[in-house]
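# Survey of secondary and tertiary structure
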Amino acid sequence: MSVFPHRTAWVPIDDHTPLHDAAEMAAAWVIQQAGTHALQPVLRGGLGDSIVFALRGQFTTGPNPGREHAVLAFLPDYDDVHTSLRHGVFAAIESEATPLLGWAMQTRAVNLTTGEVTADTRSAALKEAIERIHFFDNNGWTRGSGADGSKRILGDLQPADRDKNLLLGSLCALGSRGKALARLSGLADRAWR
């Protein structure tokens with residue numbers, strides 16, 4: 001569960017929401033949250049020039065925002081999302097390269113296209129596996145017992161629970177970094193052959 005329930009939000013990538021509209025939805029939510037919680041709105045990521053121009057004056061940019069910030073991240077990678085644990089408020093516009101559904105379920109993020117808290121549809125077995133794999137993340141699943149134990153847990157998952165996007169996003173929300181998640185992705189590929 002999120003440190004700040006309902007203080008995370010996202011715009012899922014889909015074929016129906018243009019990026020400009022996604023940015024406007026996320027920006028409006030972040031600005032509203034910033035006002036409610038007396039936070040500074042910060043923009044992260046490479047938004048297009050027209051979107052940045054529209055948001056100029058409402059957001060600052062900064063390399064390392066913290067709890068006193070409301071952050072809008074445009075097409076973040078897992079490391080960008082990982083840092084969301086430090087923010088007072090965080091909204092992400094999802095990219096195809098970094099699926100965020102697992103993160104959204106784990107943090108109970110508001111889906112800005114529906115206005116609803118993201119439903120957690122992960123099975124009890126997958127949630128338990130995520131918690132057990134998270135326990136083995138002390139060295140980023142590089143080798144040894146952490147990697148071996150995680151690979152064993154992954155191999156024991158039923159085919160219906162073998163959703164790498166849910167797994168990686170969930171573990172990102174629990175604090176795993178991008179490089180570690182890339183290694184775990186490789187472990188999952190080997191375990192699920």
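Calculation rules
Residues numbered from 1 in each chain as written. Predicted model: local features only at pLDDT ≥ 70, side-chain atom pairs only at ≥ 80, totals over all residues. Heavy atoms only, no water. Patch = residues over 30% accessible without salt bridge, like charges linked within 9 Å, V, L, I, M, F, W, Y side chains within 5 Å. Areas by Shrake-Rupley, 256 points an atom, 1.4 Å probe, with all protein chains shown as cover. Salt bridge = Lys/Arg side-chain N within 4 Å of Asp/Glu carboxyl O. Helix = DSSP H or I, 4+ residues; strand = E, 2+ residues; numbered from the N terminus. Phe/Tyr/Trp six-rings, centres within 6.5 Å; stacked < 30°, edge-to-face > 60°. Buried < 20%, exposed > 50% of the residue type's maximum accessible area, 1.4 Å probe, protein only. pLDDT = per-residue confidence, 0-100. Contact = heavy atoms within 4.5 Å. 1 Å grid on protein atoms, 1.4 Å probe; cavity = no way out; pocket = protein on both sides within 12 Å on 5 of 7 lines; lining within 4 Å. Points joined across faces, edges and corners; volume = space filled by probe spheres on them. Nonpolar A, V, L, I, M, F, W, Y, C, P; charged D, E, K, R; others polar. Axes fitted to C-alpha atoms, helices over the stretch in contact; angles between N-to-C directions. Parallel < 35°, antiparallel > 145°, perpendicular 65-115°, else oblique. Left-handed = near helix turned anticlockwise from the far one by under 90°.

Moving on: a nonpolar patch on the surface. A contiguous nonpolar surface patch, about 210 Å² in accessible area, is contributed by Ile 13, Leu 19 and Leu 75. Checked against the element boundaries, Leu 75 lands in the loop between strand S4 (69–74) and helix H3 (78–82).

One pass over the structure, following the stated rule, counts two aromatic pairs. A centroid spacing of 5.6 Å and a plane angle of 75 degrees characterise the contact between Phe 135 and Phe 136, whose relative ring orientation is edge-to-face. For Phe 135, a relative accessible area of 65% corresponds to the exposed category.

Before going further, it helps to examine the confidence of the model for the protein chain. Mean pLDDT for the protein chain: 86, with 86% of residues reaching 70 or above. Within the model, the stretch residues 1–5 combines pLDDT values under 50 with nine contacts to residues more than four positions away or in other chains.

The final tally for this structure, using the stated rule, is one cavity of 30 Å³ or more. Val 11, Pro 12, Ile 13, Asp 14, Thr 17, Leu 19, Ala 22, Ile 93 and Glu 94 are the residues that line the largest cavity. For the lining of the largest cavity, the residue count by class is six nonpolar, one polar and two charged.

With that settled, consider the packing of helix H5 (residues 124–135) against helix H7 (residues 164–173). Closest axis-to-axis distance for the H5/H7 pair is 10 Å, and the angle between their directions is 50 degrees. By the criterion of interaxial angle, the relationship of H5 to H7 is oblique. As for the relative orientation of H5 and H7, their crossing is right-handed in sense. Across the interface between the two elements, Leu 126, Ile 130, Ile 133 and His 134 of H5 pack against Leu 166, Leu 167, Ser 170 and Leu 171 of H7. Of the residues belonging to the contact of H5 with H7, the class tally is six nonpolar, two polar and no charged.

With their axes 9 Å apart at the nearest point, helix H6 (residues 145–156) and helix H8 (residues 178–191) run at an angle of 50 degrees to one another. Judged on the interaxial angle alone, H8 and H6 are oblique. Where H6 crosses over H8, the two elements pack in a sense that is right-handed. Note on element contacts: H8 touches H6 through Leu 184, Leu 187, Ala 188, Arg 190 and Ala 191, opposite Ala 147, Ser 150, Lys 151, Leu 154 and Gly 155.

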